[in-house]
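# Coordinate inspection notes
Each chain, written out:
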Amino acid sequence: MRTPPLTTAPPLVLSGVRAAYGRIEVVHGVDLSVPAGSVFALLGPNGAGKSTLLKVISGRMRQTAGTVAIGDIDLKRPTPAALAKLGVCAIPEGRGVFPNLTVRDNLLIWSYQGVSASKVEEIAYERFPKLKERRRQLAGTLSGGEQQMLAIARALAGDPKVLLLDELSMGLAPLVVAELYELVGQIASRGVTVVLVEQFVTMAVEVATDAAIMLHGAIHATGSPQEMGAMAAQAYLADGGA
């Protein structure tokens, strides 16, 4: 478990957040406070509402009630554009790279946001030398781990204050997952607040500073990563090993 550093990164606070797909509510009044500069692991079995909650936080889904606050700014109807201006960046499940663009072109998308192309590449290739070797390669032909590296590199180019990660480990070999989570810890040590949704409990607990368990659309418990990891393991077993 990591110790959260002193940081000026804005904390994330959810108050009474509800969300639904049509008439079916899947997030039921979530209250959650994420400490600034922490790595906050949101654990729980499939269908618990974790990814839906992350969609609300990132502005990709509108909540039906409640507020999302970044620092001292309350957002009753957060949009991706508004959140991006506040330094919130999300890497969705499935990585979200553009498969028909080269690695370099995927990165240079950030140059349209006012970041120089040279700076974008400098940040990406310093962190991931492998991407420099593959900069002319189509992103869709990269391995799963390399695509995840590309997604993270692209996010870092925007100098995020809050980084949202959905199922970072999905479909990846354990050694690759370990490498990526080591990077997550390094990102947090620089003052970025990280919220991760993860079913790979062991690895998430190792890097997290805080954790919560979500069950049936509500926060079941919050506490230390070790405590929540043990409770999450029991929840998975009760859920049939999901």
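Parameters and conventions
- Residues numbered from 1 in each chain as written.
- Predicted model: local features only at pLDDT ≥ 70, side-chain atom pairs only at ≥ 80, totals over all residues.
- Heavy atoms only, no water.
- Salt bridge = Lys/Arg side-chain N within 4 Å of Asp/Glu carboxyl O.
- Buried < 20%, exposed > 50% of the residue type's maximum accessible area, 1.4 Å probe, protein only.
- Helix = DSSP H or I, 4+ residues; strand = E, 2+ residues; numbered from the N terminus.
- Lys, Arg positive; Asp, Glu negative; His and termini not counted.
- Polar contact = N/O pair within 3.5 Å; in protein donor to acceptor, adjacent residues only side chain to side chain.

### Description of the pattern of salt bridges
Per the counting criterion, the structure on display carries five salt bridges. The residue Glu25 makes a salt bridge to Arg18 at a minimum N-O spacing of 2.8 Å. Look at Arg18 and you get partly exposed, because its relative accessible area is 34%. Here Asp159 ties to Lys161 by a salt bridge, and the two come within 3.7 Å at their closest N and O atoms. The network of salt bridges with common partners includes Glu133, Arg134 and Glu146.

### Structural notes on helix α1 (residues 50-58)
A large share of α1 lies buried, amounting to seven of its nine residues. Of the residues making up α1, those classed as buried are Lys50, Thr52, Leu53, Leu54, Val56, Ile57 and Ser58. At the C-terminal side of α1, Gly59 shows a positive phi close to 85°.

### A short note on the side chain of Glu198
For Glu198, the location among the structural elements is in the loop between β8 (193-197) and α8 (201-207). Lacking a salt bridge, the buried Glu198 has Lys50 as its closest oppositely charged neighbour, with an N-O distance of 8.5 Å. Here Tyr181 takes part through its side chain, which lies 2.5 Å from a polar atom of the side chain of Glu198.

What is shown is where atoms sit, not what they do.
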